[in-house]
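Here are the chains, one letter per residue:
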Amino acid sequence: MITRLWVLLVVVLVVQAKKGRSPKPGAPKGTYLNGLQQKMATWYSDYNQFHRDNIENSQFGAFVPALKKAFCGVRDGETKNMLIGEECQAELLNLYEGTGKCGLEICYLIEMVEQKSILPFMKGLIEKKTDEDAFDYIEKEVVEPLMEHMCGCAVGLVGVFKNCNGNITKSQIFELAGGFSVAALGGKTVTEFVDDLLNKIDFETIESVVRMLMEHLCGPNSDGRGKCYSYFYDTASTLMQWFAYSANQKLSGSILGIGDAPETCAKFDIGGFAELSEFIEIVNKVKSELCVKECKDVYEDVLMGCCMGNMVLDKELEGNITKLAKNFETVVHSLGMADFKMDEYIQYYDSTLELVRDPKCDNDVTFEIKECTGEEGSGSNDGKKTEGKGNKNKGGKKKGGGKKKGKGKK
């Protein structure tokens, strides 16, 4: 009898190990974060089976070694690549040898999936107790290493494909399949179609846009801590929590970014936006939500820091993005979609920039947005946001449950 019990226990443990026992959500029950953690815990528990079915024991899994050879080859000095031509592989090799890290981005992703590296990250996130802890954890584990990598590699990667644009199709895979004519491609071979398409892409402007974006994102935040990508992450995470709060979701911990302002500064009329159909109506609604005297400093800190100023006041970047949008329209037209137009989207982009630069409130509320000075501000270095100006969003917090006395939004 005892032997049977031991056998049963071993079987249960093996089954649970294969299934992948999920960690328990750390946030209080009934909160928005807890709901997300429960969904992640379910996915976590099913991931091992998913990995076996879709990676280890599938046709895709059998293709993984070939993918690794193609995308990880530069690490071993491989001069051939089945997916891109030799000149492109040579460009990647030069980039990797010059940096020691760039050119392996897809390789890193393949290895992460193959080795199930996402599971420890998910476990840590599921176990976080507050919104702030969860956001800080994502920043430390994902945002900072990803952005530091992109700050050093993004421009170089675009440069590789700009320089070898005419040689991408000179690869083994195109040698095998690129010579076939396809009626849907206007009778062109696959290689001819891809070459024509690549020739229409404005790689020069793409490179310029990426360089400008990296300069802005990777530059110092003179309003607060770290680099500007931290500012934009803080803004995004704060807005995410505010929207959850506006949807009457229960928060885990404190309301981010409001300092000593009323809690109503973090609550918006989301339902009112859903009723609008015209873009100008949406713009006016945004202005009515922002132009609130007691919330002015909060919105200026969170939404209009100097890092945002760098972006929205850069007229050259604006011009290049518009140029790139028109180029995208040309590329889409070449695919047979002649009715596709970017003019409306460009107009939305211009109007959004003007809204951020100056909301032009109908009352006496005014906003000021400036560019960074080029030096990092005095925010704390421990990853936490401090109080005061400059989008140190997570300092000076209010508890999510109580109501602050005094005026709220009007």
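Starting afresh in each chain, residues are numbered from 1 along the sequence in its written order. Reporting of local features is limited, given that this is a predicted model, to residues whose pLDDT is at least 70; pairs of side-chain atoms are given and counted only at 80 or more, and all residues count toward the totals for whole chains, interfaces and linings. Where side-chain values are given, they derive from all heavy atoms of the structure, hydrogens and water being excluded.

> Help me get a handle on the overall build of the protein, residues and values and all.
Only runs of H or I of at least four residues qualify as helices and only runs of E of at least two qualify as strands under DSSP, and these elements are numbered from the N terminus. The number of helices and strands found in the protein is 17 helices and 2 strands. Only protein chains enter the accessibility calculation, which uses a 1.4 Å probe. A residue is then buried if its area is under 20% of the maximum for its type, exposed if over 50%, and partly exposed in between. Counting only residues that meet the buried cut, the protein has 41% of its 410 residues in that class. Two residues form a contact once any of their heavy atoms are found within 4.5 Å. Within the protein, contacts between residues separated by at least 24 positions form 71% of all contacts whose residues are at least 6 apart in sequence. Using a 1.4 Å probe, the Shrake-Rupley method yields the accessible areas, and only the shown protein chains count as cover for residues. For the protein, the exposed area adds up to about 22,500 Å²; of that, 58% sits on carbon and sulfur atoms.

> Would you mind going over the confidence of the model for the protein in detail, with residue names and values included?
Low-pLDDT stretches of the model should not have their predicted coordinates read in fine detail. Confidence of the predictor in every single residue is expressed as pLDDT, which spans 0 to 100. Here the protein averages 82 in pLDDT, while 83% of its residues score no lower than 70. This model gives residues 1-19 a pLDDT under 50, and the stretch forms 8 contacts once residues within four places in sequence are excluded. Under a pLDDT of 50 for its full length, residues 379-408 has, in the predicted model, 91 contacts with residues more than four places off or in other chains.

> An account of the environment of Phe203 is needed here, citing residue identities and associated values.
Mapping Phe203 onto the fold places it in helix 10 (residues 203-218). Classification of Phe203 by relative accessible area gives buried; the value is 14%. Between the C-alpha atoms of Phe203 and Phe161, which are 42 residues apart in sequence, the distance is 8.0 Å. Ignoring anything within four residues of it in the chain, the contact list for Phe203 reads Phe161, Lys162, Asn165 and Leu198.

> Describe the nonpolar core, and please don't skip the residues or the numbers.
The term nonpolar core refers to a set of buried residues drawn from Ala, Val, Leu, Ile, Met, Phe, Trp, Tyr and Cys, joined through side-chain atoms within 4.5 Å. Grouped together as the largest cluster of nonpolar side chains are 47 residues, with contacts concentrated most on Leu217, Trp242, Ile255, Val298, Tyr299, Val312 and Phe367. If sequence neighbours within four positions are ignored, Val298 has contacts with Trp242, Gly257, Ile258 and Ala261. Among the nonpolar cores identified, the runner-up in size contains 18 residues, and Ile84, Cys102, Cys164 and Leu198 belong to it.

> So, the packing of helix 7 (residues 131-163) against helix 11 (residues 228-246): which residues are in play, and what are the values?
Where helix 7 contacts helix 11, the two axes come as close as 10 Å, and the packing angle between them is 145°. Once helix 7 is placed against helix 11, the crossing between them reads as right-handed. Where helix 7 abuts helix 11, its residues Asp131, Phe135, Ile138, Glu139, Val143, Glu144, Met147, Glu148 and Cys151 lie against Tyr229, Ser230, Tyr233, Asp234, Ser237, Met240 and Gln241. Residues are sorted three ways: Asp, Glu, Lys and Arg are charged, Ala, Val, Leu, Ile, Met, Phe, Trp, Tyr, Cys and Pro are nonpolar, and all the rest, Gly among them, are polar. In terms of residue class, the contact of helix 7 with helix 11 is made up of 8 nonpolar, 3 polar and 5 charged. Axis lines are fitted through C-alpha atoms, for helices just across the contact stretch, and the angle between N-to-C directions can take any value from 0 to 180 degrees. Handedness of a helix crossing follows the sense of rotation of the near helix relative to the far helix, less than a right angle counterclockwise being left-handed and clockwise being right-handed.

> Run through the packing of helix 13 (residues 279-290) against helix 17 (residues 343-357), naming residues and quoting values.
Close contact between helix 13 and helix 17 brings their axes to 11 Å; oriented N to C, the two are set at 15°. Comparing their axes, helix 17 and helix 13 come out roughly parallel. For the pair helix 13 and helix 17, the crossing hand works out as right-handed. Taken together, the residues of helix 17 that come into contact with helix 13 (itself represented by Phe279, Val283, Val286 and Lys287) are Tyr348, Ser351, Thr352 and Leu355. Should an angle lie under 35 degrees it is considered roughly parallel, over 145 roughly antiparallel, and from 65 to 115 roughly perpendicular; all remaining angles are considered oblique.

> Please give an account of the state of the cysteines that cites residues and values.
Whenever a pair of cysteine sulfur atoms sits within 2.5 Å, that pair is classed as a disulfide. Across all of its chains, the model carries 8 disulfides by this definition. Shown here is the disulfide that connects Cys265 with Cys295, its sulfur atoms set 2.0 Å apart. Disulfide Cys265-Cys295: the torsion about the S-S bond is -85°, which places it as left-handed. With a gap of 30 residues between them, Cys265 in the loop between strand 1 (254-255) and helix 12 (270-274) and Cys295 in the loop between helix 13 and helix 14 (296-303) connect regions that are remote in the sequence. Summarising the burial analysis for this pair, Cys265 and Cys295 share the class buried. One disulfide in the model links Cys291 with Cys361; its S-S distance is 1.9 Å. Because the sign of the S-S torsion sets the handedness, a value of about -80° for the bond joining Cys291 and Cys361 places this disulfide among the left-handed ones. Taken together, the positions of Cys291 in the loop between helix 13 and helix 14 and Cys361 in the loop between helix 17 and strand 2 (398-399) put the pair 70 residues apart, joining distant regions of the chain.

> An account of helix 14 is requested, with residue identities and associated values reported.
Counting buried positions over the 8 residues of helix 14 gives 6, a clear majority of the element. Buried residues of helix 14: Val298, Tyr299, Glu300, Asp301, Val302 and Leu303, and no others. Buried residues in helix 14 make contact with helix 11, helix 13 and helix 15 (306-312).

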